Amino acid sequence: MASDEGSVRVDSWIWSVRLTKTRSMASSACRAGHVRVNGERVKPAHTVRTGDEVRLRHAGRDRIVVVSRIVRKRVGAPVAVECYVDNSPPPPPREHTVPIGLRDRGTGRPTKRDRRDMERLRGMPGGPVSPR
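In this text the structure is predicted, and so the values were computed from the model without any measurement.

> An account of the pattern of salt bridges is needed here, citing residue identities and associated values.
A complete count under the given rule lists 8 salt bridges for this structure. With a shortest N-O distance of 3.2 Å, D86 and R63 are connected by a salt bridge. Linking D86 in strand 7 (residues 84-86) with R63 in strand 6 (residues 61-67), this pair joins segments that are 23 residues apart in sequence. Overlapping salt bridges, with partners in common, bring together R9, D11 and R23 in one network.

Structure, rendered in structure tokens:
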């Protein structure tokens, strides 16, 4: 099941300790440059060893973890937490997130006025187009 010696691919380890939902998401994050091991951007096949610092930008927040145990297969959540030391900053409070204009269920399509109000709330440019 799990082994403590050697090294493993970074995309496989990120998926195994449940930092990403799928292994393909972990590989995509590596290819996009969202994964750093000891400060360097890495490819999915880069090896991870015990003691390495892994930084992952995922779902709008930074995860900073130090590898404390190598696992090759996906493990349960209680075991996964034991495989790394989490040094991530705390997530931002919900009050600081951008409010999204939600509509009541069953109210139908938004009118042009509703759409403009929602765009104004989101801070999107949605003013009237000037005639030529």
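> Can you break down the sheet that holds strand 6 residue by residue, with the values?
Here 5 strands make up an open sheet; going across it, the order is 3-2-5-6-7 and the pairing antiparallel. Each edge of the open sheet is held by one strand with a lone partner, namely strand 3 (40-41) and strand 7. In this sheet, strand 3 lies alongside strand 2 (residues 35-37) in antiparallel orientation, the contact comprising 2 bridges. Looking at the pairing, V37 lines up with E40 of strand 3.

> I'd like a rundown of the nonpolar core, residues and numbers included.
Nonpolar side chains in soluble globular proteins tend to be buried together. Judged by nonpolar contacts, the single largest core of 23 residues is most densely connected at V10, W13, I14, V17, L19, V35 and V54. Elements with a minimum of two residues in this core: helix 1 (10-16), helix 2 (23-31), strand 2, strand 5 (53-58) and strand 6.

> Residues and numbers for helix 2, please.
Buried within helix 2 are the following residues: A26, S27, A29 and C30. The buried residues of helix 2 occupy an angular sector of 160° when projected down its axis, which confines them to one face. The elements touched by buried residues of helix 2 are helix 1, strand 2 and strand 5. Taken from the residues just after helix 2, G33 is the one with a positive phi, measuring 85°.

> Explain the environment of G39 to me, using residue names and the numbers behind them.
Locating G39 in the fold gives a position in the loop between strand 2 and strand 3. The exposure class assigned to G39 is partly exposed, which follows from its relative accessible area of 45%. A C-alpha to C-alpha distance of 9.8 Å links G39 and D52, two positions 13 residues apart in sequence.

> Outline the pairing of strand 5, supporting the account with residue identities and numerical values.
In this structure, strand 2 lies alongside strand 5, joined through 3 bridges in antiparallel fashion. Looking at the pairing, V37 lines up with V54 of strand 5. Where strand 5 meets strand 6, 6 bridges bridge the pair, whose relative direction is antiparallel. Along strand 6, the bridge assignment pairs V54 with V65. Connecting strand 5 to the next strand, strand 6, in antiparallel fashion are 2 residues, including A59 with a positive phi near 55°.

> Outline the environment of C83, supporting the account with residue identities and numerical values.
Along the chain, the position of C83 falls in the loop between helix 3 (77-81) and strand 7. Along the backbone, C83 and S68 are 15 residues apart, and their C-alpha atoms lie at a distance of 5.2 Å.

> Please give an account of the pairing of strand 6 that cites residues and values.
Across a regular strand the side chains alternate sides, sitting on one face of the sheet and then on the other. Sheet topology note: the strand 6/strand 7 ladder contains 3 bridges and is antiparallel. The residue bridging V67 from the neighbouring strand is Y84, located in strand 7.

Parameters and conventions
Residues numbered from 1 in each chain as written. Predicted model: local features only at pLDDT ≥ 70, side-chain atom pairs only at ≥ 80, totals over all residues. Heavy atoms only, no water. Salt bridge = Lys/Arg side-chain N within 4 Å of Asp/Glu carboxyl O. Helix = DSSP H or I, 4+ residues; strand = E, 2+ residues; numbered from the N terminus. Pairing = 2+ DSSP bridges. Core = buried A, V, L, I, M, F, W, Y, C linked by side-chain atoms within 4.5 Å. Buried < 20%, exposed > 50% of the residue type's maximum accessible area, 1.4 Å probe, protein only. Arc of directions from axis to C-beta. Contact = heavy atoms within 4.5 Å.

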